[in-house]
Amino acid sequence: MFRSSGYQPLPQRDTPGLYVTDPHRGLSFDYIPNVSQNDFTDASQGWLSWICNLIVIFLVYIVTFITFPVSGWFVLKTVPNYEKIVVFRLGRICPPKGPGVVLVLPLIDQWQRVDLRTRAFSIPPCQVRTLDGGLLLVGADIQFRIWNPVLSVVAVQDLNASTRMTAHKALSHSLSKKTVKEIQSERVKLGEYLGMDINEMTKPWGLEVDRVELVIGSILQAPEEGPQGSFILPPSVPGLEGIAGPIQQLAMHFFSQNLSQPKQEDTVTVTDELAPVPSPHSVEELLSAVRLLLSEGLVSRVGACFQFCITSADQQQKNYYVDLRQGSGSAGTGSSPDPDVTLSLTDTDLLALFEGTLRPFAAYSSGRLRIQGDVKTAMKLEEVIKLLRK
């Protein structure tokens, strides 16, 4: 592109995108000159119009020369290396000018600066319905640059708004063909494909996307499990976004509750049905059962205080606490003065959580369980749940 001006064409990609099927779609505009051949002639212009244009331009040049240097303050523009000036002379497009000192004729020239530096914008997290029926919050950070200033001015009216809308639609359309597991495990690869999709649609506008980074949010609705129960990563946990390693693995272990071993969990359930063990039927009975488990050994392993905000069926709220920070621990009704973590849920969900009929991951992803405080501390509650199930 513009070999005499130092422009280079976009590289051709061998791998097609996920969204665009026709690589040549949208490349034909009758009102845009033949930019690829650096040809800015207007074939629709007749000989009479061409002669009139020459006369007007010649007269403007003479007036500018006669009034120089006063006219120099108005017709000479300084263009830095990272910018180009697109000029419309008597309404017709001219080759871009710059960098350096550029002459812009008064009265007959309309000009516009185009910044060629890399810019960035963010797509706010939006809800995406995945292929396996899940509902996921996904956003993206996108970096782009203008490689053809003429097309960026002539082909599209609002370049920023059009690029944002195109990127948002491409994001929703591409990820809707993927499962939750694929989106979370192939985030970098999907970002590259998404950049190719956006490039195919924005290339006629003189714009190229350099980098797309997906931002995976929380899971609003768990995907439908297949016959074999597919493994699902936990949603984003407040305070642990972007953290990898042992902490993230501990979070996955707490919220999945042995989700990777469904057969073993089913076996335990069958055993409970054959030999049922008495279970508490109210939060007070559950609290009494927890008091029997308190010991100095449990306090040494946990060392935290849990506050429970329980909502009953008649919408009444009650507070309970389990303090495992000193001595043999304590549990009772009311609010603890300084809890390490607060868990908000209904009384039915609390009983189901301790009985094992409700998975913490399912409760958290569906919004039935809300956690305030340090998530790593909330994981330690599993020690109490394990003792209660024995």
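As shown above, the structure is provided for reference.
Residues numbered from 1 in each chain as written. Predicted model: local features only at pLDDT ≥ 70, side-chain atom pairs only at ≥ 80, totals over all residues. Heavy atoms only, no water.

### Some words on the overall build of the protein chain
Logical step 1: Looking only at helices and strands, the protein chain features 14 helices and 13 strands.
Logical step 2: When the 390 residues of the protein chain are sorted by exposure, 40% land in the buried category.
Logical step 3: Within the structure as shown, the protein chain displays about 22,100 Å² of accessible surface, and the carbon and sulfur contribution to it stands at 55%. (Helix = DSSP H or I, 4+ residues; strand = E, 2+ residues; numbered from the N terminus. Buried < 20%, exposed > 50% of the residue type's maximum accessible area, 1.4 Å probe, protein only. Areas by Shrake-Rupley, 256 points an atom, 1.4 Å probe, with all protein chains shown as cover.)

### Quick look at the pairing of strand β9 (residues 304-311)
Looking along a regular strand, one sees the side chains alternate between the two faces of the sheet.
Logical step 1: Most of β9 sits out of view: seven of its eight residues are buried.
Logical step 2: Pairing of β9 with strand β10 (residues 317-324), which is carried by eight bridges, proceeds in the antiparallel orientation. When the bridges of β10 are listed, Ala304 appears paired with Leu324.
Logical step 3: The turn linking β9 back onto β10 is made up of five residues, and Gln315 within it adopts a positive phi angle of 65°.
Logical step 4: Two strands pair when backbone bridges link them, and β9 and strand β12 (residues 341-346) are joined in this way by six bridges, in the parallel orientation. Bridged to Phe308 within β12 is Leu343. (Pairing = 2+ DSSP bridges.)

### Structural notes on the sheet that holds strand β5 (residues 109-115)
Whenever strands of a sheet pair, they do so through backbone hydrogen bonds, lying parallel or antiparallel.
Logical step 1: If you walk across this open sheet you meet the three strands as β3-β2-β5, and the pairing is antiparallel. Two strands bound the open sheet, and with one partner strand each, they are β3 (92-93) and β5.
Logical step 2: Relative to β5, strand β2 (residues 83-89) is paired through seven bridges, and the arrangement is antiparallel. Following the sheet pairing, Val87 is matched in β5 by Trp111.

### Some remarks on helix α11 (residues 347-355)
Logical step 1: Listed in full, the buried residues belonging to α11 are Asp349, Leu350, Leu351, Ala352, Leu353 and Phe354.
Logical step 2: Downstream of α11 by one or two residues, Gly356 has phi in the positive range, about 95°.

### Considering the packing of α11 against helix α14 (residues 381-389)
Logical step 1: It is at 8 Å that the axes of α11 and α14 come closest, and there the two elements cross at 75°. The angle between α11 and α14 places the two elements in the roughly perpendicular class. Contact residues: α11 offers Leu353, Phe354 and Glu355, while α14 offers Leu381, Val384, Ile385, Leu388 and Arg389.
Logical step 2: Looking at the contact of α11 with α14 residue by residue, the classes come out as six nonpolar, no polar and two charged. (Axes fitted to C-alpha atoms, helices over the stretch in contact; angles between N-to-C directions. Parallel < 35°, antiparallel > 145°, perpendicular 65-115°, else oblique. Contact = heavy atoms within 4.5 Å. Nonpolar A, V, L, I, M, F, W, Y, C, P; charged D, E, K, R; others polar.)

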